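Read off the chains here:
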Amino acid sequence: MPRKASAKISRRSFLATAAALAARPAAAATPQPAPAATDVIIVGAGSAGIAAARRIAAAGRRYVLVEASDHIGGRCITDTKTFGVPFDRGAHWIYAPDLNPLTKLTPRRGIEVYQAPPSQKIRIGRRYAREGELEDFLSAEVRATRAINDAARKADVPCEQVVPNDLGDWRATVEFMLGPFGCGKDLVQFSALDFSRAAERTTATFCRQGFGALLAALAEGVTVQLSTPVKSIDSRRALLVETAKGTLTARAVIVTVSTNVIAAGRIQFLPELPHRSIDAFGRLSLGSYDRVALELVGNPLGLDSDDLVFEKSTDSHTAAMLANVSGTPLCLVDVGGAFGRDLSAHGEAAMVDFATQWLAGLYGAEIKKAIGRSQATRWNADAFTLGAASAAVPGAQLARRIMMEPVNDAIWFAGEAAHETLWGTVGGAWESGERAAEAVLRRMGVLKTPAPEAEAAPKPKVKGTRPAPPREQSSFGGTPSIMRPER
């Protein structure tokens, strides 16, 4: 079908920060018998857990990596069975490739990473936005972003509180991009300081085989105990970790499970965690971010590979679409925030129906006939995750630093939530896992180098005389996270 002419935004919004089924567990994920005692026990085989295991092993120390689910990858997982092509159920965007620790590693052959297209489109009813309309939108988004960044210099207030009141009919679209699409939460629930401190995510790459496949490739050689949920961690005397398959002992524990799993009490800590730690996990709760994957054979929408499409919305009942993923017939319709959470709670059928009706509203009812297979993620219902990616509530950005503090000099926490600038990304989780592992090695006297300095806050951009694309004015982005969870 011929491509329709349309105006493009000069920058794609990127943020993060999701997957319930294993596409192809790495060979290293085969269950292995665990010793009764070891140096380090790592809880959770997502990006942070894999990174920690690799670092501990590189130092010549023994580790046991346990995973509650039946697959590795956590919220970064690729499903190749449902559609016969790679489907990232969670994280898909690989942000800041020049800085991302994952892109500096060399996976096995057969993994192809390529640059994400730099543009995006906005649909207004049954047509694409014209150049003047895009300029109006960009101006509104720049103003909202600047207002949040300016407010964060004074106090950690809700982002919604400082968004300009005169954004007109672009307000709902701007709020969706910066909130539900950017972090999985509505702006009223999102910390202005967390927004402001996010590292720049203005560039990204995709993995043709799926981000989960890339992470699985980096996990090769890592021994994992699958289907082994942890029940309790007792640090009162000897360090004891009780799992569904027995009790382990170690000198240290690195816990990489999500903040929602900890806050829900899924793992018992003896003695109880300090109040400041419990409070930090609760205030770094996961946002809601899910995707509906639709098979559209023959490119009936006339879009290019990896085209990103938004709509000019009038309320929060909206979505974003990544079309023809990596040149396949797969189109991803992503929903988030309070609306996405409510929709997900109604089940997969309701989610697919919304995505179908949403597309029909933008491209015509005949699109419904072109939809083949479909599937939706429901991260909030995943017992081992309970959400997408962390987003600090107003006043809670400093909780990320608290997460990095060891408990009883025996328990360390890691994951995307334990990163002050790369929160919500797989790269941030990886870096956090490495950092926790190195802290443990220093505690054991294995690593002699001093601890790295705290993460620096992003430097403010120099403002020019003309409005620039919003991502050049802010370190914050707005592309799917899990997840963009980089889901």
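Our subject is the structure that appears above.
## Examining empty space enclosed by the protein
In this structure, the second largest cavity occupies an estimated 40 Å³ of space. If you trace the second largest cavity, you find it lined by R75, T256, V257, S258, T259, M403, A414, G415, E416 and A417. A per-class count over the lining of the second largest cavity returns 4 nonpolar, 4 polar and 2 charged.

## Structural notes on the nonpolar core
A general feature of soluble globular proteins is that nonpolar side chains tend to end up buried together. In this structure, W93, I122, F190 and F310 are the most contacted members of the largest nonpolar core, which totals 47 residues. Here the element with the most residues in this core is helix α2 (residues 131-152); it accounts for 8 residues. Membership of the second largest hydrophobic core comes to 42 residues, among which are L65, F211, A429 and W430.

## A look at the packing of helix α1 (residues 47-58) against helix α14 (residues 426-443)
Close contact between α1 and α14 brings their axes to 7 Å; oriented N to C, the two are set at 40 degrees. Considering how the two elements wind past one another, α1 and α14 form a crossing that is right-handed. The residues of α14 that touch α1, namely those facing S47, A48, I50, A51, A52, R54, R55 and I56, are V426, A429, W430, G433, E434, A437, E438 and L441. Residues of the contact of α1 with α14, tallied by class, amount to 10 nonpolar, 2 polar and 4 charged.

## Points about the side chain of T328
Counting through the fold element by element, T328 comes out in the loop between β17 (320-323) and β18 (330-336). Here V325 takes part through its backbone oxygen, which lies 2.7 Å from a polar atom of the side chain of T328.

## Considerations on helix α4 (residues 171-178)
With 7 of 8 residues buried, α4 lies mostly within the body of the structure. Inspection of α4 places R171, T173, V174, E175, F176, M177 and L178 among the buried residues, and these make up the whole buried set.

## Quick notes on the environment of T243
Position of T243 among the secondary structure elements: in strand β12 (residues 239-243). Residues T243 and A68, 175 residues apart in the sequence, show an inter-C-alpha distance of 9.1 Å. With residues up to four places along the chain from it excluded, the contact list for T243 reads T228, P229, V230, K231 and L248. At 3.0 Å, the side chain of T243 forms a polar contact with the backbone nitrogen of K245. Side-chain polar atoms of T243 contact the backbone oxygen of G246, separated by 2.8 Å.

## As for the packing of helix α10 (residues 337-345) against helix α11 (residues 348-363)
A packed helix pair is summarised by two numbers, namely the angle formed by the two axes and the spacing between the axes. Contact geometry for α10 and α11: axes closest at 6 Å, N-to-C directions at 125 degrees. One element, α10, and the other, α11, form an angle in the oblique class. Counted together, F339, L343 and S344 of α10 and A350, M351 and F354 of α11 form the full contact between these two elements. Looking at the contact of α10 with α11 residue by residue, the class counts come to 5 nonpolar, 1 polar and no charged.

## Observations regarding the pairing of strand β1 (residues 37-43)
In terms of burial, β1 is a largely internal element, 6 of the 7 residues being buried. Note: β1 against strand β13 (residues 246-255), 6 bridges, orientation parallel. Of the residues in β13, the one forming a bridge with T38 is A250. Where β1 lies against strand β2 (residues 63-66), 4 bridges are found, and the strand directions are parallel. Following the sheet pairing, I42 is matched in β2 by L65.

## Observations regarding the state of the cysteines
Under the counting rule described, the total for this entry stands at 0 disulfides. With no disulfide of its own, C76 lies 9.2 Å from the sulfur of C207, the closest cysteine sulfur. Residue classification places C76 among the buried residues on the basis of a relative accessible area of 3%.

Conventions adopted
Chains are numbered independently. Their residues run from 1 in the order of the written sequence. Residue-level local features of this predicted model are given only where pLDDT is at least 70; pairs of side-chain atoms are given and counted only at 80 or more, and the full residue set underlies all totals for whole chains, interfaces and linings. Just so you know, side-chain values use all the structure's heavy atoms and leave hydrogens and water out. In the cavity and pocket records, a cavity denotes points on a 1 Å grid over the protein atoms alone where a 1.4 Å probe fits but cannot get out, a pocket denotes an open set with protein on both sides within 12 Å along at least 5 of 7 lines, and lining residues are residues with an atom within 4 Å of a point. Grid points are joined across faces, edges and corners, and a volume is the space filled by probe spheres set on the points. In this count, Pro and Cys sit with the nonpolar residues alongside Ala, Val, Leu, Ile, Met, Phe, Trp and Tyr, while Asp, Glu, Lys and Arg are called charged and the others, Gly among them, polar. Definition used in this section: a nonpolar core is a set of buried Ala, Val, Leu, Ile, Met, Phe, Trp, Tyr and Cys residues joined via side-chain atoms within 4.5 Å. A 1.4 Å probe rolled over the protein chains alone gives each residue an accessible area, and that area as a share of the maximum for its type sets the label: buried under 20%, exposed over 50%, partly exposed in between. Each helix is a run of H or I in the DSSP string that is no shorter than four residues. Each strand is a run of E no shorter than two, and both are numbered from the N terminus. As a rule, the C-alpha atoms of each element are fitted with a line to give its axis, helices using only the stretch in contact, and angles between N-to-C directions run from 0 to 180 degrees. Crossings are sorted by hand: turned counterclockwise from the far helix by less than a right angle, the near helix makes the crossing left-handed, and turned clockwise it makes it right-handed. The criterion used for residue contact is that any of the two residues' heavy atoms lie within 4.5 Å. Contacts described as polar in this section are N or O atom pairs within 3.5 Å, which, within protein, must combine one atom able to donate a hydrogen with one able to accept it, while residues neighboring in sequence count only if both atoms come from side chains. Orientation is classified from the angle alone, with under 35 degrees giving roughly parallel, over 145 giving roughly antiparallel, 65 to 115 giving roughly perpendicular, and any other angle giving oblique. Two strands pair if DSSP finds at least two bridges between them. We call a pair of cysteine sulfur atoms a disulfide when they lie within 2.5 Å.

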